[in-house]
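Geometric and topological summary
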Amino acid sequence: MSDTPLSAENPELNDTPAGEESQELGLDTQLADLQAKHAEVSDAYLRAKAEVENIRRRSEEELSKARKFAVESFADSLLPVVDSLEAALTSHTAQPDTPVDTVIDGVQATLRQLVAALNRNKVLEINPAAGEKFDPSVHQAISMVPADQEANTVVGVLQKGYLINERILRPALVTVAAPQS
């Protein structure tokens, strides 16, 4: 071999051809770009994962608070009823000779307060009228009785039922007309 130094001007003297060297540089650049993108995507993934975890934790806390204080509004609307009942008992203790009509008027006023509080909180009564078709989804038949009305209709209500937000809290206890033979 000659004493000519290796150079770009003498490519035939280099150990690696120029094409391979530029290809290696290109691959190194691509590798560096891919590693940078990978680091960026990994960072975004970790941030998103942390954000999802924070959202889940906050949601659980809010749900816990909602369950804990769900009856707060309902209880608040019942407090005037409690106050009225306590006032009635105090009044009766202070004036034992209170006429029965006055006591009945007070009880009726307190009942109106209670019904209004229930209605405000979407607790609605189920009180079917006589002759209404029996509906097992909202009524519970206690007995079947002979009656001068169509079979499987409500004859009487033994106990009102209640719905809360259109869900049965307690079905109405009813007697139902038996089929006539």
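Residues numbered from 1 in each chain as written. Predicted model: local features only at pLDDT ≥ 70, side-chain atom pairs only at ≥ 80, totals over all residues. Heavy atoms only, no water.

Looking now at the confidence of the model for the chain. The predicted model of the chain has a mean per-residue pLDDT of 87, with 89% of residues at 70 or higher. Mean pLDDT values for the elements of the chain range from 86 in helix H2 (residues 72-94) up to 97 in strand S6 (residues 172-177). Across residues 4-11 the pLDDT falls below 50, and counting only partners more than four positions away or on other chains, this stretch makes 7 contacts in the model. (pLDDT = per-residue confidence, 0-100. Helix = DSSP H or I, 4+ residues; strand = E, 2+ residues; numbered from the N terminus. Contact = heavy atoms within 4.5 Å.)

Attention now goes to helix H3 (residues 100-120). Counted at 1.5 Å a residue, the expected span for H3 with its 21 residues is 30 Å, and the 30 Å between its end C-alpha atoms agrees. Within the span of H3, buried status applies to Thr 110, Ala 117 and Leu 118. For H3, the arc enclosing every buried residue in end-on projection is 100°, short of the 170-degree limit, so these residues lie on one face. Facing away from the buried side of H3 by more than 90 degrees, the exposed set consists of Asp 101, Arg 112 and Arg 120. Among the structural elements, H2 and strand S1 (123-126) are those in contact with the buried residues of H3. Of the residues trailing H3, Lys 122 is marked for its positive phi of about 60°. (Expected span 1.5 Å × (residues − 1). Buried < 20%, exposed > 50% of the residue type's maximum accessible area, 1.4 Å probe, protein only. Arc of directions from axis to C-beta.)

For the rest of this paragraph, the subject is the sheet that holds strand S5 (residues 167-170). On the basis of which strands lie adjacent, the open sheet formed by 3 strands has the order S1-S4-S5 and antiparallel pairing. Only two strands of the sheet have a single neighbouring strand rather than two, namely S1 and S5. Averaged over all pairs of adjacent strands, the angle between their axes in this sheet comes to 35°, without regard to strand direction. Note that strand S4 (residues 161-164) and S5 share 3 bridges and pair antiparallel. Residue pairing in the sheet places Tyr 162 in a bridge with Arg 170 of S5. (Pairing = 2+ DSSP bridges. Axes fitted to C-alpha atoms, helices over the stretch in contact; angles between N-to-C directions.)

Here we come to the nonpolar core. Burial of nonpolar side chains together is a common tendency in soluble globular proteins. In this structure, Ile 126, Val 138, Val 154, Ala 172, Val 174 and Val 176 together form the largest nonpolar core, which totals 6 residues. For this core, the element with the most residues is S6, which contributes 3 residues. In this view, Val 174 contacts Pro 128, Phe 134, His 139, Gln 140, Ala 141, Ile 142, Ser 143, Val 154, Gly 156, Val 157 and Leu 158; residues no more than four positions away in its chain are not counted. (Core = buried A, V, L, I, M, F, W, Y, C linked by side-chain atoms within 4.5 Å.)

A few words on the environment of Thr 98. Structurally, the position occupied by Thr 98 is in the loop between H2 and H3. A residue is classified by how much of its surface remains accessible, and Thr 98, at 19% relative accessible area, is buried. Once residues lying within four places of it in the same chain are set aside, the contact partners of Thr 98 are Ser 91 and Val 103.

Further remarks concern the packing of H2 against H3. Geometry of a packed helix pair, given as the angle between the helix axes and the separation of the axes. Relative orientation of the contacting elements H2 and H3 amounts to 180°, with a least axis distance of 9 Å. On the basis of the axis angle, H2 is roughly antiparallel to H3. Side by side, H2 and H3 meet where Phe 74, Ser 77, Leu 78, Pro 80, Val 81, Ser 84 and Leu 85 of the first sit next to Thr 110, Gln 113, Leu 114, Ala 117, Leu 118 and Arg 120 of the second. Residue classes in the contact of H2 with H3 are distributed as 8 nonpolar, 4 polar and 1 charged. (Parallel < 35°, antiparallel > 145°, perpendicular 65-115°, else oblique. Nonpolar A, V, L, I, M, F, W, Y, C, P; charged D, E, K, R; others polar.)

Taken together, 3 strands build an open sheet; the order of strands is S2-S6-S3 and the sheet is mixed. For this open sheet the edge positions go to strand S2 (139-145) and strand S3 (154-159), each flanked by a neighbour on one side alone. Between one strand axis and the next, the sheet turns by 30° as a mean value, whatever way the strands run. Across 6 bridges, S2 lies against S6 in parallel orientation. Paired with Met 144 across the strands is Val 176, a residue of S6.

So, about the environment of Gly 161. Summarising the element assignment, Gly 161 is placed in strand S4. With 35 residues separating them along the chain, Gly 161 and Ile 126 place their C-alpha atoms 4.6 Å apart. Other than its neighbours up to four places away in sequence, Gly 161 contacts Leu 124, Glu 125, Ile 126, Arg 170, Pro 171 and Ala 172.

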